[in-house]
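Structural features, examined
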Amino acid sequence: MAKKLTEKVAWVGKVDWELKRFHGDEYSVDKGSSYNSYLVRDEKTVLIDTVWQPFDKEFVARLKQEIDLKQIDYIVANHNEIDHSGALPELMREIPGTPIYCTATGEKIIRGHFHQDWNFVNVKTGDTLDIGQSKLVFVEAPMLHWPDSMMTYMTGENILFSNDAFGQHFATETLYNDTADQAELYEEAIKYYANILTPFSNFVTKKIQEVLALNLPVSMICPSHGVIWKENPAQIIEHYLKWADSYRENQITIVYDTMWESTRKMAEGIAEGINIADPTVKIKLINSAKTDKNDVITQIFRSKAVLVGSSTINNGILHSVSGLLEMIKGMKFKGKKGSAFGSYGWSGEGVKQITKFLDESGFDIVNDGQRLLWVPDEAAYASCVEYGKKFSEAL
Ligand code: FEO
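Everything numeric in this text was worked out from a predicted model, so none of it was measured.

**Here we look at the overall build of the protein**
Tallying secondary structure elements over the protein gives 12 helices and 24 strands in all. Expressed as lengths along the three principal axes of its C-alpha atoms, the size of the protein is roughly 80 × 40 × 35 Å. A buried classification covers 57% of the 395 residues belonging to the protein. A fraction of 72% describes how many contacts in the protein between residues 6 or more apart in sequence connect residues 24 or more apart. Accessible surface for the protein amounts to roughly 16,600 Å². Of this, 51% is attributable to carbon and sulfur atoms. Computing the positive centroid from 42 side-chain charges and the negative centroid from 54, the protein places the two 2 Å apart.

See the structure below:
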């Protein structure tokens, strides 16, 4: 069912309660998601974004219950990843000549996905579309998070249709931020930022400052996933400004994989040492082979320092750690410190390899790391505690 947001704007998207994986297997979803599409009715009628392809028929059928499709004057495609453009073919079969407003890059992406010669209208920052009493103002937002991304601001109603920015993979029935469980909402919002937007933090800061400089009143932020920020919408902007600014809490994450528990014992000793040196610091101890990778990235995002451990195997490191390091590299974290640790039986290259990877990923390396031969005895465990203390003191 469509949901009325204001006299002129209705939500016509799809809540996907069952979603578990997103971006292929790259993003784990714990609490569902939504693909938010909006129907704007002034003197002209505008559809902003569509939904993911598996829901295309349902989307179009429900849209028909709300409006005669021929009454849609314009379509705005803020961003054309398949979760927002996926229902375009089904919709355009019904209204093939309807103009699609998007960035020039957006047009290329739509053409590349669907190979259709639809009626594209390219827009740039500052371009406007008169729809009656209100106007739509377009703001390009390249790399937030794709090169085609843009936002659309509606005057009069003072709504920012921000697409992926300010979103969360979080299914709710009520749609609004103030009626959601706040702990769950912010857990999903920070996970979304940490895993999707961190690499583009410079763009986030610049774009928010650019939009704030326009002094536009914003009564609602309507993203393309999750809740609509209706109650104090500035709160999520303030969080984004913090998250984009080399975000770190007083937290240290120790993440490791272990073959025969020696590296696990090292991790526990190091955690004990950190806690002795600084009882105020939050410590997260995570086995990367047993923990969701996106949750690990979220904890690293929150941390001021990270210790990464692996047993050495076949002159290298365990695959859950190497996969995680590859993700860490892509995140382009800033302002974080790190070191490595791990047990070994004969060659023992793992610690050096992890240290090199962290260094190349922009971490400030605290020390050469800690290596232990075979299984830690009491003295070796004590050395891990000592290492943890020194690591903490060096931060
Ligand atoms: Fe929600 Fe970038 O698509």
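**Here's the deal with the sheet that holds strand β15 (residues 159-163)**
The five strands lie next to each other as β12-β13-β14-β15-β16, forming an open sheet whose pairing is mixed. Two strands lie at the open edges of the sheet, namely β12 (128-130) and β16 (220-223), each paired on one side alone. Shown here is a sheet whose adjacent strand axes are inclined to one another by a mean of 20°, direction ignored. Here strand β14 (residues 150-154) runs beside β15; their pairing, made up of three bridges, is antiparallel. Within β15, the residue paired with Met154 across the bridge is Ile159.

**Quick look at the domain arrangement of the protein**
By a widespread convention, an interface's size corresponds to the accessible area lost as its parts come together. The domain architecture assigned to the protein consists of domain 1 (3-243) and domain 2 (252-394). If you average the C-alpha positions of domain 1 and of domain 2, the two centres end up 39 Å apart. When domain 1 packs against domain 2, close to 1,200 Å² is buried across both sides, 50% of that on carbon and sulfur atoms. Where domain 1 touches domain 2, the interface holds two salt bridges. Remark: the boundary between domain 1 and domain 2 carries seven residue pairs in polar contact (both at pLDDT 80 or more).

**Here we look at the packing of aromatic side chains**
Overall, the coordinates contain 16 aromatic pairs when judged by the stated rule. Look at Tyr186 and Trp229: their rings are 5.9 Å apart centre to centre, the planes differ by 55°, and that puts the pair in the tilted class. Residue Tyr186 is found in helix α5 (residues 182-197), and its partner Trp229 is found in the loop between β16 and α7 (234-243); the two are separated by 43 residues along the sequence. Like Trp229, Tyr186 is buried. Between Tyr193 and Phe301 the ring centres are 5.7 Å apart and the planes differ by 40°, which places this aromatic pair in the tilted class. Linking Tyr193 in helix α5 with Phe301 in helix α9 (residues 293-302), this pair joins segments that are 108 residues apart in sequence. By relative accessible area, Tyr193 is classed as buried at 0%. Aromatic ring contacts, followed pair by pair, group Phe166, Tyr193, Tyr240, Trp243, Tyr247 and Phe301 into a single cluster. Taking the ring centre of Tyr176 as reference, the NZ or CZ of Lys230 above it sits at 4.5 Å.

The rules behind each value
- Residues numbered from 1 in each chain as written.
- Predicted model: local features only at pLDDT ≥ 70, side-chain atom pairs only at ≥ 80, totals over all residues.
- Heavy atoms only, no water.
- Helix = DSSP H or I, 4+ residues; strand = E, 2+ residues; numbered from the N terminus.
- Buried < 20%, exposed > 50% of the residue type's maximum accessible area, 1.4 Å probe, protein only.
- Contact = heavy atoms within 4.5 Å.
- Areas by Shrake-Rupley, 256 points an atom, 1.4 Å probe, with all protein chains shown as cover.
- Lys, Arg positive; Asp, Glu negative; His and termini not counted.
- Charge placed at Lys NZ, Arg CZ, Asp CG, Glu CD.
- Pairing = 2+ DSSP bridges.
- Axes fitted to C-alpha atoms, helices over the stretch in contact; angles between N-to-C directions.
- Domains from an automatic or database assignment.
- Buried area = accessible area lost by both parts, 1.4 Å probe.
- Salt bridge = Lys/Arg side-chain N within 4 Å of Asp/Glu carboxyl O.
- Polar contact = N/O pair within 3.5 Å; in protein donor to acceptor, adjacent residues only side chain to side chain.
- Phe/Tyr/Trp six-rings, centres within 6.5 Å; stacked < 30°, edge-to-face > 60°.
- Lys NZ or Arg CZ within 6 Å of the ring centre and 35° of its normal.

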